[in-house]
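Reading the structure
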Amino acid sequence: MPSSDAPRWLRPLGPEVRTLPAGQWWDAVRVPLATGLRILEHLGSRTGAVIEDGFGGVLYWLVPPGEAATWDIAPAQILGPGSHVAIPPRHRTYAPGLHWRVPPTRTRHWTDPAHLHAALRRTLP
């Protein structure tokens, strides 16, 4: 992805995983991998960037800061201010380990919280 296509928080280019604070540019919604794969199916092209932790078995969606703060949907965890999220380098779009399952772009890194919330509700038992 060219540097100009990256969201500002993802620059400068770097080859290593970085840990960034949630709550400033985005909050993260963390779900177990099996649930997350079903959510991806429901969202389809409406998903924003998604991080997959291949070793931890979880997916992370990025949403606008504060938009998911009041959600109480187990097994989802909302990571906002006071939390940190490991962010893979932009070029890492493959397993194993931490990678972008759906890479971000400058104009598309958040997932619409209403769509994500609805998909979470539909996929839970």
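Description of the structure in this document. (Residues numbered from 1 in each chain as written. Predicted model: local features only at pLDDT ≥ 70, side-chain atom pairs only at ≥ 80, totals over all residues. Heavy atoms only, no water.)

One pass over the structure, following the stated rule, counts one salt bridge. Here R101 makes a salt bridge to E52, at a shortest N to O gap of 2.7 Å. One end of the pair, R101, is in strand β7 (residues 98-102); the other, E52, is in strand β3 (residues 50-53), with 49 residues separating them in the sequence. With a relative accessible area of 40%, R101 lands in the partly exposed category. Owing to a relative accessible area of 9%, E52 belongs among the buried residues under this scheme. (Salt bridge = Lys/Arg side-chain N within 4 Å of Asp/Glu carboxyl O. Helix = DSSP H or I, 4+ residues; strand = E, 2+ residues; numbered from the N terminus. Buried < 20%, exposed > 50% of the residue type's maximum accessible area, 1.4 Å probe, protein only.)

The sheet built from five strands is open, its strands ordered β5-β2-β4-β3-β7 with antiparallel pairing. Of all the strands in the sheet, the pair left with one neighbour each is β5 (77-79) and β7. The mean inter-strand angle of the sheet, taken between neighbouring strand axes irrespective of direction, is 30°. Pairing between strand β2 (residues 27-32) and β5: three bridges, direction antiparallel. Looking at the pairing, A28 lines up with L79 of β5. Lying over the sheet, helix α1 (residues 33-43) contacts β2, β3, β4 (58-63) and β7, oriented at roughly 45° with respect to β4. (Pairing = 2+ DSSP bridges. Axes fitted to C-alpha atoms, helices over the stretch in contact; angles between N-to-C directions. Contact = heavy atoms within 4.5 Å.)

Take it as geometry only, folks, not as evidence of what the structure does.
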